[in-house]
Amino acid sequence: GGEVNDNVTLAYGTAITTPPTSGTQLVFTGRDEAPQASAVEVFEDFLFVAGNQVYPTRVYRSAVGSPDYFNKSTLYTDLDLDSGDTVSGMIAGNRQLFVSMTDGSAVIWSTGDSDAPIGKEIISRDHGAVGPAAFVSSKNIIYYVAERDFWRTNTNAATDENVSSPDNQQFPSIQQTM
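Small disclaimer: the values here were computed from a predicted structure and weren't measured.

A look at the sheet that holds strand E3 (residues 58-61)
Here is step 1: Reading across from one edge, E1-E2-E3-E4 is the order of the four strands in this open sheet, with antiparallel pairing throughout. Looking at which strands have only one partner, the edges of the open sheet turn out to be strand E1 (39-43) and strand E4 (76-78). Strand-to-strand twist across the sheet, computed as the mean angle between neighbouring axes with direction ignored, equals 20°.
Here is step 2: Bridge analysis of E3 against E4 gives three bridges, and the strand direction is antiparallel. From the neighbouring strand, arginine 58 faces E4, where its bridge partner is aspartate 78.

Comments concerning the pattern of salt bridges
In a structure, side chains of opposite charge can pair up when their charged atoms sit close to one another.
Here is step 1: Taken as a whole and assessed by the stated rule, the structure comprises three salt bridges.
Here is step 2: Linking arginine 152 and glutamate 161 is a salt bridge whose minimum nitrogen-to-oxygen distance equals 2.9 Å.
Here is step 3: Arginine 152 sits in the partly exposed class, given a relative accessible area of 30%.

Section: the packing of aromatic side chains
Here is step 1: All chains considered together, the criterion is met by seven aromatic pairs.
Here is step 2: Measuring from ring centre to ring centre gives 6.5 Å for phenylalanine 135 and tyrosine 144, while their planes differ by 45°; the resulting arrangement is tilted.
Here is step 3: Judged by relative accessible area, which is 0%, tyrosine 144 ranks as buried.
Here is step 4: Ring pairs connect the aromatic residues Phe43, Phe46 and Phe48, which therefore count as one cluster.
Here is step 5: When the ring centre of tyrosine 55 is taken as origin, the NZ or CZ atom of arginine 58, which lies over that ring, is 4.1 Å away.
Here is step 6: Across from the ring centre of tyrosine 76, 3.7 Å away, lies the NZ or CZ of arginine 58, which sits over that ring.

Parameters and conventions
Residues numbered from 1 in each chain as written. Predicted model: local features only at pLDDT ≥ 70, side-chain atom pairs only at ≥ 80, totals over all residues. Heavy atoms only, no water. Pairing = 2+ DSSP bridges. Helix = DSSP H or I, 4+ residues; strand = E, 2+ residues; numbered from the N terminus. Axes fitted to C-alpha atoms, helices over the stretch in contact; angles between N-to-C directions. Salt bridge = Lys/Arg side-chain N within 4 Å of Asp/Glu carboxyl O. Buried < 20%, exposed > 50% of the residue type's maximum accessible area, 1.4 Å probe, protein only. Phe/Tyr/Trp six-rings, centres within 6.5 Å; stacked < 30°, edge-to-face > 60°. Lys NZ or Arg CZ within 6 Å of the ring centre and 35° of its normal.

This is the structure in structure tokens:
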């Protein structure tokens, strides 16, 4: 390169016109790149991702306290392998992560055990949120829109309740009234 005489620039180096073809290659050691996903949520010290087309019921988690550290071979939990329902979204509750599938829902929590750090429980195999934007949380209660009705869950008790059509003959399900 030539000299620059603009009374501001002190010096320029040689221009790089071709990319380098030698040198050290960037290698991930002991970790993988983040899995493909359509849903993501931070809960406690983990980053959870799910909604992968290859493993639709799988919820991957990062290493504890390292949201950019993934090991797709070991750091995951599978939900509802019987039906293959795709994870449609996740939202953090008080002490549990609420995970919705197309036709079901589950909760995931941190056990504090280094051998089995994640616990899970299926809440429903009947209904789940229609998508990742179908949730809202207020005072430890999660409300969500399912295909048929509107539901709420208290993640502390791992139960859910139909809000739009309680189990009462005078208030039939939205599905039956349409």
